[in-house]
Amino acid sequence: LARGGALGMLLRKAPALVSPAWLAANRGPSVKVVDASWYLPAMGRDARQEFEACRIPGAVFFDVDATDVASPLPHMLPSDAFFARTMSELGIVHDDHVVCYDGKGLFSAARFWWMLRAYGHPAASVLDGGLPAWQRAGHATESGPRPLVARASPPFEARLDASLVADLAKVRSLVDAFQSGAAPAQTLVDARSQARFEGVAKEARAGCRSGHAPGSRSVPFDRVLQADGTMRPPEQVAAVFAEAGVPGVDAPLVGSCGSGVTAAVLALALEHAGRASLLEIYDGSWAEYGGDESQPLATGPAPPA
């Protein structure tokens, strides 16, 4: 993948999504394929075991849960040094075009894609439809323990763009503005299911309330996906957000979900639909906000926009 070639141009900012056909035709030493599968406990799946049982040839495995940040919250963003070291251990260098996928279709791979972008690596894409789409297209897979990967040289460099990461104080300021009758500077978009958002379905995380942050909008992540697990066309994605009361894909938004994973699916969908900037994500998400009894809570549908 030469810098000066057509694909070299993608290293500056790769497309949000690539197809199985594209990946099959563009494999090479500077296109790194990464299995970023992660599953909720209720799914009863083991991502590492599945990686060894069936993966795209040459893929390496990224552990979404891996972090050096001590927190009771799941998979909080790691330090720059930790993320850089992890990427180097996976053999990823600055010039690589990283293609992320997962075993569900389009789920946790978006989290890794968003992390790469947030830590300063724009040459990252998600395989549309993931491993299931790759297999449906008839492409080869491999199994067994993954051979050791040569550590990247020069080492990967990472610097997190803090403006892309919201914290509890930021989210609370948006809630306070909404409750005071002022126009919040940004709108919180919640990728959890409608039932969890409205407070009619129990949260799986112990001690976590059901409902939503006042003023937020419900955009369940699966609504931007098609039945086969691939992303909807851009105009349909834009319509999903509009129906939820979001005034355009470039509106000032903060993404949230259960623990910071499926909010990244919304980030991916928005970029696919033409959003110019990467979506800011509340890293603690509902695991933090919903678990804090002192934070305001709303139930039922979001009010009309």
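**Here we look at the sheet that holds strand S7 (residues 187–190)**
- Taken together, the five strands give an open sheet; going across it, the order is S6-S10-S9-S7-S8, and neighbouring strands pair in parallel fashion. Two strands bound the open sheet, and with one partner strand each, they are strand S6 (165–166) and strand S8 (217–218).
- The pairing of strand S9 (residues 253–256) with strand S10 (residues 280–282) spans two bridges and is classified as parallel. Within S10, the position partnered with Gly255 by the bridge is Ile281.

**So, the packing of helix H8 (residues 234–243) against helix H9 (residues 263–272)**
- Contact pair H8 / H9: the axes reach a minimum separation of 8 Å and the direction vectors enclose 125°. Of the possible angle classes, the one that applies to H8 and H9 is oblique. The handedness of the crossing between H8 and H9 is left-handed. Here Pro234, Val237 and Phe241 of H8 come into contact with H9, specifically with Leu266, Ala269, Leu270 and His272.
- When its residues are assigned to classes, the contact of H8 with H9 shows six nonpolar, one polar and no charged.

**Some remarks on the state of the cysteines**
- Tallied over the entire structure, the rule returns zero disulfides.
- Sulfur of Cys257: no disulfide; nearest cysteine sulfur belongs to Cys208 and is 11 Å away.
- Overall, Cys257 belongs to the buried group, its relative accessible area being 1%.

**Overview of the confidence of the model for the protein chain**
- Taken as a whole, the protein chain shows an average pLDDT of 94; of its residues, 96% reach a score of 70 or greater.
- Of the regions scoring below 50 in pLDDT, residues 1–11 engages in 22 contacts with residues more than four places distant in sequence or in other chains.

**Re the nonpolar core**
- Judged by nonpolar contacts, the single largest core of 61 residues is most densely connected at Phe62, Phe83, Phe112, Trp113, Trp114 and Val224.
- Of all the secondary structure elements, the ones that give two or more residues to this core are helix H3 (80–89), strand S4 (97–101), helix H4 (109–118), strand S5 (124–127), H8 and H9.
- Counting 16 residues, the second largest nonpolar core, distinct from the first, contains Val18, Cys54, Tyr101 and Leu131.

Conventions and cut-offs
- Residues numbered from 1 in each chain as written.
- Predicted model: local features only at pLDDT ≥ 70, side-chain atom pairs only at ≥ 80, totals over all residues.
- Heavy atoms only, no water.
- Pairing = 2+ DSSP bridges.
- Helix = DSSP H or I, 4+ residues; strand = E, 2+ residues; numbered from the N terminus.
- Axes fitted to C-alpha atoms, helices over the stretch in contact; angles between N-to-C directions.
- Parallel < 35°, antiparallel > 145°, perpendicular 65-115°, else oblique.
- Left-handed = near helix turned anticlockwise from the far one by under 90°.
- Contact = heavy atoms within 4.5 Å.
- Nonpolar A, V, L, I, M, F, W, Y, C, P; charged D, E, K, R; others polar.
- Disulfide = S-S within 2.5 Å.
- Buried < 20%, exposed > 50% of the residue type's maximum accessible area, 1.4 Å probe, protein only.
- pLDDT = per-residue confidence, 0-100.
- Core = buried A, V, L, I, M, F, W, Y, C linked by side-chain atoms within 4.5 Å.

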